[in-house]
Structure formats: structure tokens, C-alpha cells
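Next come the chains, spelled out residue by residue.
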Amino acid sequence: MGPVTTIFSSLDTDYRDLRAKAVAPLFSTARLRNASLHGGVIQECVSEFVTQLASLKADCKTNHAKLDILDQCARLSLDVVTGYLLNEPYGGLAEHQQLPMEKRRNAKLSINPFIFAIVGFSRFSLLPNWLFKFMYSLYSRFSFSEEVGRCFVSMDSFARRLVSQTLEVDPAKRQDSYQTRLLAAGITPAETEVQCQAVVFAGSDSTAVKLATILFHLVQNQDCLRRLKEELQAAETEDEGVALQEQPYLLAVIKEGLRVGMANPTRMTRVVPSKGMLVGDVYIPPGTIVGVAPYIVHHDPAVFPDPFAFRPERWLEGGRDNGLKRPNMDRSLLMFGAGLRACIGRNLAQKQLTETIKAVVKSSVLEGARTCQKRIELVEWFNAEIKGHTLDIEWP
Ligand code: HEM
């Protein structure tokens, strides 16, 4: 992000760890659970998302129109990440609410160009660094538009305002947040602003792509949708607060969605440390850049037969033992990366997915819908892009 090294881009372990450890408690399961209870920020965003989906559906049905679920998911993810981590939703869901229905249905989230600009330069990220820098400077020159500039300014002033509001409050009385924690760890306000922008990008796009992919497959597999609804209804009639392990089909749908959803399809790179390493009987010398690509391992037919099919049942075969853990298959799941540099936001992402899918399925809003394309096509960069930035569904 400009001259600032973020949690993502840092190669210096101490630099990265100071920042990542400062914000880690925000992703605890207890904190996330509270935010998903009635009145919590995640619950409020999800509930608004479902309400909007229902009214957009009614309008689409009357007017035989299509709805872009990717854009709806992008609005939700943006508000969940900002509302939960920065204590103020950016306003993705509220945007365009004042427009007449027809315009609202066709309007796209205004901050998209900020997200796409970052996704865009990730296409060069696997090049050697000197070539990346060259390509990036060319790309920035030719892809820059006034709209992109406006989005960066808007995101910049959002982050600046939140950080300066935090600084106005006595440190002992500050509300817990991403910015509060970074400032308390001694990070400068200027850097904190940039780290906040980076996490907005990190958390919004990937979660939106995964969620839209799951909804897309549920629309295409109305039997899955029915089975999920039955499971959720049965859980509701039992005790309040049924543990996720007691909803195996929901868990299986999410796992399968995370497997087939390609938010980061290309290889996660690592550098072989000073002693070198053995992979099987192959010695890889120190300093070699190695990597594994989720696209390859998630679609390995030896592990996942018929790998491009969305089949939550594959996680249930063999019973409900171990909370659906299937070591042979789990080992091939890399959607959040692996090791010390794995995704720090995975709990938040999974919570958003779980709560949203539950609420969408219970609302019946996707019943009878169909997708406007057979399959999802990607442009395969580090952050994959769904072709055309659109996933339309309709209710015939
Ligand atoms: C389904 C949604 C998400 C997916 C698929 C995803 C995926 C990833 C992947 C593949 C990496 C790189 C891991 C590696 O190199 O091993 C990563 C890193 C990261 N993610 Fe996520 N992510 C998601 C959601 C989030 C959210 C919600 C946040 C925060 C709000 C977040 C914050 C980060 C950060 C800060 C890193 C850098 C970690 C580091 O380099 O130390 N992500 N994510």
C-alpha cells in the first residue's frame, strides 16, 4: 500500500508479528460469537443483507430482472469487516438505498474500483520482484482513472477519520478495535491508517467471492438448499444455540464452498530456509522459492472425485465423526494458506459465511432461483477475479 509495508507484504518476521499479534485477539471465537448474537454487528449486517435480498428478489420477479449476487456479497463483506474490526460499517449495504428499485438493482458498490485495483496488480505478484515493480508501475500508469482515484481517496479518508477519532479518546477508554490495538502497540497513526485499508481489502474481496460462490451453488443445487433448510429447522426446534458440529450439513456446505470457491487460486510462495529441505526424496536447496496452488490441490481428482462438482456430501461420507474432519481431504484444503503466514482473518470469514448462509437459507429467498450462467469463470491471479465481476441469478 504505497510506501507502507503491511502485514501482508512484510518479509521481516518481527515487524509482521508485532502487528499481527496486536490484532489477533479480535479474531477470537468468543468475540465473534458475541458479534453474531442479536444486536451484534455481524448479526445486524447479515440481517440487513437478507432483508435487501428479499426486496430485490420481489422486484426482480415482477420485472423479470437479474440480480448480481456477487455485488450484494461484496457490500455485506465490506460492512462486516469494517463494522466488526474498525467499529464503523463503511456503508456498502446502505449505499444506493435511496434509489428507485430499478436503479438500485443495477447499481454497483462504489468502492469496487479500490478493490479491483488491488486485485489487478496481484496478477504480477508471482513475477520476480524487479519485474513486478516494473510491471506494476506500467499497470498503475495505464489503469489509473479518476474513478479509481476517487475510491482510494474515499477509503483513505474513511481510515484517517477513524484513526483520528480513536486518537481523540483517552487510551484507557478507547473502544476495542483494529486501530486501537495497532496504536496501543506503538504503530504510528499514519501507518495504522494504511494497515486498516489493507485489512479492508483483505477481508472484503475474498469473503465476498467465497460467499457468492456458495450461494451460486446452492441456487444450482436446490436439493442441497432443501436439505440445509431441514437441518436448520430441526436444529431450531431443539435447544437454543445448537453447536455447529450438530449441523453437519451446514458445515459440509461451507467446507465444500471454501474448496470450490477460488479466492486465491495461485500458489502461496515460501522461501526454503537455510538448511534446505527434503520433499519425499528430492532435496530443495536453501533460498529456492517454492509454492503450492489451491487450484491444483482443491481439484485433485484422487482426493476429490469429480472435483469441479459442488458436493457437500463428500464431507459427510463415513459419518459425522470428528466434527467432519477428514484428514485425507483436509490436508488438501489451502483456502486460508498454511503455516505462520496463513490468513489471520479466517475465523471472521468463517463466521460471516456461517451466519449468512444460515440466514439466507432460513429466509427461503433463494428458493426457485436459477443462475444465469452454468459455471463460474475466473481470471486466475493471486486474488482471482470472477470474470466480469458479476454473478447474476434470476427467479423465473
Ligand atoms: C474467505 C475469506 C478469506 C480467504 C479465502 C483468505 C485467504 C487468505 C490467504 C490465502 C492468505 C495468504 C496465506 C498464505 O500465504 O499462506 C491470507 C492472508 C491474510 N488474510 Fe485472509 N482470507 C480471507 C479472509 C480474510 C479476512 C476476513 C481478513 C481480515 C479481516 C483477512 C486478513 C488476512 C491477512 C492480514 C493476511 C496476511 C497474513 C500474513 O501475511 O501474515 N483475510 N488470506
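Structure: above.
Each chain carries its own residue numbering, running from 1 in the written order of its sequence. Owing to the predicted nature of the model, reporting of local features is limited to residues with pLDDT of at least 70; listing and counting of side-chain atom pairs is limited to 80 or more, with chain, interface and lining totals taken over all residues. Working from all heavy atoms in the structure, the side-chain values ignore hydrogens and water.

A. Inspection of the overall build of the protein at higher detail. Secondary structure counts use DSSP, requiring at least four H or I residues in a row for a helix and at least two E residues in a row for a strand, with both numbered from the N terminus. Looking only at helices and strands, the protein features 15 helices and 9 strands. The size measure is the radius of gyration over C-alpha atoms, and the globule rule it meets is 2.2 Å times the number of residues to the 0.38 power. At 21 Å, the protein has a C-alpha radius of gyration in line with the 21 Å of a compact globule built from 396 residues. Counting only C-alpha atoms, the protein reaches 55 × 55 × 45 Å along its principal axes. When accessible area is computed with a 1.4 Å probe and restricted to protein chains, residues below 20% of their type maximum are described as buried, those above 50% as exposed, and intermediate ones as partly exposed. The 396 residues of the protein split such that 49% are buried. Contacts are assigned to residue pairs that have any heavy atoms within 4.5 Å of one another. Contacts spanning at least 24 positions in sequence make up 71% of the contacts within the protein whose residues lie at least 6 apart. Between the mean site of the 46 positive side-chain charges and the mean site of the 44 negative ones, the protein shows a separation of 3 Å. His is not counted here, nor are the chain ends, while Lys and Arg score as positive and Asp and Glu score as negative. The location of each charge is read from NZ of Lys, CZ of Arg, CG of Asp or CD of Glu.

B. The site of the ligand, seen in detail. Any residue with at least one heavy atom within 4 Å of a molecule or strand is counted as near it. Around the ligand lies a shell of 24 residues, among which F8, R16, R270, R341 and C343 are the nearest. One of the side-chain N or O atoms of R341 is found 2.9 Å from an oxygen atom in the ligand. Sorting the residues of the shell around the ligand by element identifies helix 10 (189-220), strand 2 (268-271) and helix 15 (346-363) as the ones contributing at least two each. For the shell around the ligand, the element with the most residues is helix 10, which contributes 6 residues. Residues are grouped as follows: Ala, Val, Leu, Ile, Met, Phe, Trp, Tyr, Cys and Pro are nonpolar; Asp, Glu, Lys and Arg are charged; every other residue, Gly included, is polar. Taken together, the residues of the shell around the ligand break down into 14 nonpolar, 6 polar and 4 charged. What qualifies as a polar contact is a pair of N or O atoms within 3.5 Å, subject to a donor-acceptor requirement within protein and to the restriction that residues adjacent in sequence count only when both atoms come from side chains.

C. Up close: the coordination of the iron atom of the ligand. Only nitrogen, oxygen and sulfur atoms within 2.8 Å of the metal, or 3.2 Å for Na, K and Ca, are treated as donors, and water is left out, so sites may look incomplete. Protein coordination of the iron atom of the ligand is limited to a single donor, C343 (SG), positioned at 2.3 Å. With respect to the helices and strands, C343 occurs in the loop between helix 14 (327-330) and helix 15.

D. Highlighting the packing of helix 12 (residues 248-260) against helix 15. Their axes nearest at 11 Å, the elements helix 12 and helix 15 cross at an angle of 125°. Relative to helix 15, the element helix 12 lies oblique. Our pair here, helix 12 against helix 15, has a crossing hand that is right-handed. Where helix 12 approaches helix 15, its residues L250, I254 and L258 are matched on the opposing element by Q350, L353, T354, I357 and K358. Looking at the contact of helix 12 with helix 15 residue by residue, the classes come out as 5 nonpolar, 2 polar and 1 charged. To obtain an axis, a line is fitted to C-alpha atoms, over the contacting stretch when the element is a helix, and the angle between two such axes runs from 0 to 180 degrees between their N-to-C directions. The scheme is simple: roughly parallel for angles under 35 degrees, roughly antiparallel for over 145, roughly perpendicular for 65 to 115, oblique for anything else. By definition, any crossing whose near helix is turned counterclockwise from its far helix by less than a right angle is left-handed, and any crossing with a clockwise turn is right-handed.

E. Layout of the pattern of salt bridges. Every case where a carboxyl oxygen of Asp or Glu lies within 4 Å of a side-chain nitrogen of Lys or Arg is listed as a salt bridge. Under the defined criterion, the tally for this structure stands at 21 salt bridges. Its salt-bridge partner being E355, residue K351 comes within 3.4 Å of it at the nearest N-O pair. With K351 and E355 both in helix 15, this residue pair falls 4 residues apart, about one helical turn. Among the ionic pairs, E377 bridges to K387, the shortest N-O distance being 3.4 Å. Taken together, the positions of E377 in the loop between strand 6 (370-371) and strand 7 (378-379) and K387 in the loop between strand 8 (385-386) and strand 9 (392-394) put the pair 10 residues apart, joining distant regions of the chain. Each of R31, D176 and R181 takes part in a single network of salt bridges with overlapping partners.

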